[in-house]
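Residue strings, one per chain:
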Amino acid sequence: MSSIRTRFAPSPTGYLHVGGARTALYCYLFARQSGGDFILRVEDTDEERSTEDSMRMQLADLQWLGYEYQEGVDAKTLRDRGLFGPYRQSQRRSIYREHADRLLKEGKAYYCFLTDEEIERQREEAVRAGRPHQVVSPYRDWSLTDAEKKMAEGDVKPTVRFRVPDLTREYAFHDLVRGEVKFPSDMVGDFVLLRSGGMPVYNFCCVIDDALMKISHVLRAEEHLSNTLRQLMIYEAFGWAPPQFGHLSIILGPDRQKLSKRHGATSVNEYRERGYLPEALSNFIALLGWSSPKSQEILSMQELVEQFSLDRLHPAAAVFDEAKLKWVNSQHLRALPHDELWHQVEPFLVRAGLKLPEDAGWRDRSLQVFKTSMEVLSDAVELYRPLAKLPLQLNDEARDTLKWPSSRGVIEEWRAQLQLCGSAAYLSEAEFSAIQDKVKTNRGVKGKDLFMPIRVAIVGRPHGAELKILVPLIEKSTLIERADQVLAL
RNA sequence: GUCCCCAUCGUCUAGAGGCCUAGGACAACUCCCUUUCACGGAGUAGACCGGGGUUCGAAUCCCCGUGGGGACGCCA
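Please read these numbers as outputs of a predicted model, since none were measured by experiment.

### Things to note about the protein's contact with RNA strand B
No. 1: Close contacts around RNA strand B come from 61 residues, with Thr-45, Arg-178, Arg-195, Phe-451 and His-463 the closest.
No. 2: In RNA strand B, the atoms that sit within 4 Å of the protein are 74% sugar and phosphate, with bases accounting for the remainder.
No. 3: One of the side-chain N or O atoms of His-463 is found 2.4 Å from a sugar or linking oxygen in RNA strand B.
No. 4: Within the contact set of RNA strand B, a base oxygen lies 3.3 Å away from a backbone nitrogen or oxygen of Glu-466.
No. 5: It is helix H11 (residues 322-335) that provides the largest number of residues to the surface near RNA strand B, a total of 4 residues.
No. 6: Broken down by class, the residue content of the surface near RNA strand B amounts to 21 nonpolar, 19 polar and 21 charged.

Have a look at this one:
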């Protein structure tokens, strides 16, 4: 039994999409759990749209997600790693050329001199006649020598087309997620293998690379399902055994249309910036089309590796629901050890310009208070803002609270009591409670009328975490400054 | 238009002919906890696309519709 080898083959024409990430994840999980190899191949044969920048970004995203591959283009050095390289299709042109020549020689492909205009004319005609459009090339039956003669004569740049065996037969294969799938062989016309510039086309290099790289399982998006027919034909032409295919359902936006930019964030990069943890994103996308046999909803990477299986892949398209992603993220967030959580949160705090105590104990206590209030890392910014040495930003609700008849008196009393209390930099929980009691008796105010104005004078808003936990995290001098700030309004 | 794929609560899904008066999770709502907001806990509501078969019995199998998606490129 040969070993399991999966591959993820993105084309570097933009950011890594969550759909692509899910494909990569499944390939990674499947290879890892079976002790096989996961290969990363770059499909950059579209010269117009492929950029090295995109490639770099996508590799970085994959790295952030933690989907390590045994072979492929290294994310850091951009160099090939592995025995079956090069792993960038643009660097494999001679390989494709050789294989195309072989098909040409065997009469399984031919040079086609059809121009774009002629093809367009054919298409229009087909549409008018209401029949499916398939290229019918007059060069289909030319001999190789005739074609070569024509090429030698003039400045013509032909494409190389696959000569589809015009049999009326069915191509069938067993799809890992859909079961038996059959295609009639007349579903496609002769298709291009090599463009006129010599650059090969997706269906061609895909087959050659998967075969040469000894890929055992091809998991890819559903939109490639009908490409499988062409690929099967190519495998057959070379006499190669095709790999196992599994076509994953696509990911939809809330309106049940294919997820795209207009639905909001679609790239993993955006989710990273919004404060999602990589393992939470992975957990969530894993569940879009796969379910744990234990019906577990929150899974670590390790658990995903252990529990993943092809037979639990769901064939129907799934809607990407950010509300659930948030929940999954919140669960992963609170499961993180505090030092790791701080490490994740800190960049968001720094970017927001918040200066906070360096002290590890302080960080630990603050996370204890806040971690259950965070869904995404960026939530930390608003949570921590009141703890930074900054003037308060009052919201409307806070201003309303200050208009209550007793509010001003309460804050004046709170400030006075603060002044009276010890010289330590921070208030203890007990000291705060004692002060609060004094304000209560001295002013004869209780309940909301008591603690809401105080809260406004502390954090700038009437709602939030419990004061006796919050106050010991804020320097006393800051508390006094803030009371003054509010009283000055 | 032709071919292919898909179809269970609003969403993600469990379900491989009787275990289903269809289970779980997110979201929603209610209550409890709480001197606020969250967290947490307990509940409520909510689905087998329609029609025909097959079968003693169908969410599960078959057919036909319908709906959605994909492909039909010198894109991938």
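### Looking at the environment of His-133
No. 1: Tracing the backbone through its elements, the reader meets His-133 in the loop between helix H4 (116-129) and helix H5 (144-153).
No. 2: Residue His-133 is classed as partly exposed on the basis of its relative accessible area, which comes to 27%.
No. 3: C-alpha of His-133 to C-alpha of Val-188: the two residues are 55 residues apart in sequence and 8.9 Å apart in space.
No. 4: Setting aside residues up to four positions removed in sequence, His-133 forms contacts with Ile-119, Gln-122, Arg-123 and Ala-126.

### Quick notes on the confidence of the model for chain A
No. 1: In the predicted model, chain A carries a mean pLDDT of 90, and the fraction of residues at 70 or more is 99%.
No. 2: We note a pTM of 0.92 for the whole complex and an ipTM of 0.93 for its interfaces.

### What to know about the packing of helix H9 (residues 278-286) against H11
No. 1: Look at H9 against H11: their axes get within 9 Å of each other, and the N-to-C directions meet at 135°. As far as their axial angle goes, H11 and H9 are oblique. Of the two elements, H9 crosses H11, and the hand of that crossing is right-handed. Two secondary-structure elements touch here, H9 through Glu-279, Ala-280, Leu-281, Asn-283 and Phe-284 and H11 through Lys-324, Leu-325, Val-328, Asn-329 and His-332.

### A closer look at helix H16 (residues 407-420)
Every α-helix carries 3.6 residues per turn, so stepping three or four residues along brings you back to the same face.
No. 1: Under the 1.5 Å per step criterion, the end-to-end length of H16 is 20 Å for 14 residues, consistent within 8% with the ideal 20 Å.
No. 2: Among the residues of H16, Ser-407, Gly-409, Val-410, Ile-411, Glu-413, Trp-414, Gln-417 and Leu-418 are the ones counted as buried.
No. 3: The inward-facing, buried residues of H16 abut helix H15 (396-402), helix H17 (429-443), helix H18 (448-459) and helix H20 (476-487).
No. 4: Gly-422 occupies a position one or two residues after H16 and carries a positive phi of about 25°.

### Re the nonpolar core
No. 1: Core analysis: the biggest nonpolar cluster contains 151 residues, and Tyr-67, Phe-204, Phe-320, Tyr-384, Trp-414 and Ile-458 have the highest contact counts within it.
No. 2: Not counting residues within four places of it along the chain, the set of residues in contact with Phe-204 comprises Tyr-96, His-99, Ala-100, Leu-103, Leu-193, Leu-194, Ile-234 and Phe-238.

Rules and cut-offs
- Every chain is numbered independently, its residues counted from 1 as its sequence is written.
- The order in which chains are written sets their letters, starting at A; the order in which ligands are written sets their numbers, starting at 1.
- Given that this is a predicted model, residues contribute local features only at a pLDDT of at least 70 and side-chain atom pairs are listed and counted only at 80 or more, while totals for whole chains, interfaces and linings are drawn from all residues.
- Hydrogen atoms and water are omitted, and side-chain values are computed over all heavy atoms in the structure.
- Throughout this document, a residue counts as near a molecule or strand when at least one of its heavy atoms sits within 4 Å of that molecule or strand.
- Whenever a nitrogen or oxygen atom comes within 3.5 Å of another N or O atom, the pair is scored as a polar contact, on the condition that within protein one atom can donate a hydrogen and the other can accept it, and that pairs from neighbouring residues in sequence are kept only if both atoms are in side chains.
- Secondary structure elements follow DSSP: runs of H or I of four or more residues count as helices, runs of E of two or more count as strands, with numbering from the N terminus.
- Note that Gly is not counted as nonpolar here; it falls among the polar residues with everything else outside the nonpolar set of Ala, Val, Leu, Ile, Met, Phe, Trp, Tyr, Cys and Pro and the charged set of Asp, Glu, Lys and Arg.
- For every residue, the accessible area (1.4 Å probe, protein chains only) is compared with the maximum for its type, and the residue is labelled buried under 20%, exposed over 50%, or partly exposed between those bounds.
- Contacts are assigned to residue pairs that have any heavy atoms within 4.5 Å of one another.
- Confidence of the predictor in every single residue is expressed as pLDDT, which spans 0 to 100.
- The axes used here are C-alpha line fits, helices contributing only the stretch in contact, and every angle between their N-to-C directions lies in the interval 0 to 180 degrees.
- Each angle receives one of four descriptions, namely roughly parallel if under 35 degrees, roughly antiparallel if over 145, roughly perpendicular if within 65 to 115, and oblique otherwise.
- Each crossing gets its handedness from the near helix: less than a right angle anticlockwise from the far helix is left-handed, clockwise is right-handed.
- Take the number of residues in a helix, subtract one, and multiply by 1.5 Å to get its expected span.
- Take the buried Ala, Val, Leu, Ile, Met, Phe, Trp, Tyr and Cys residues and link them wherever side-chain atoms come within 4.5 Å; each set so joined is a nonpolar core.

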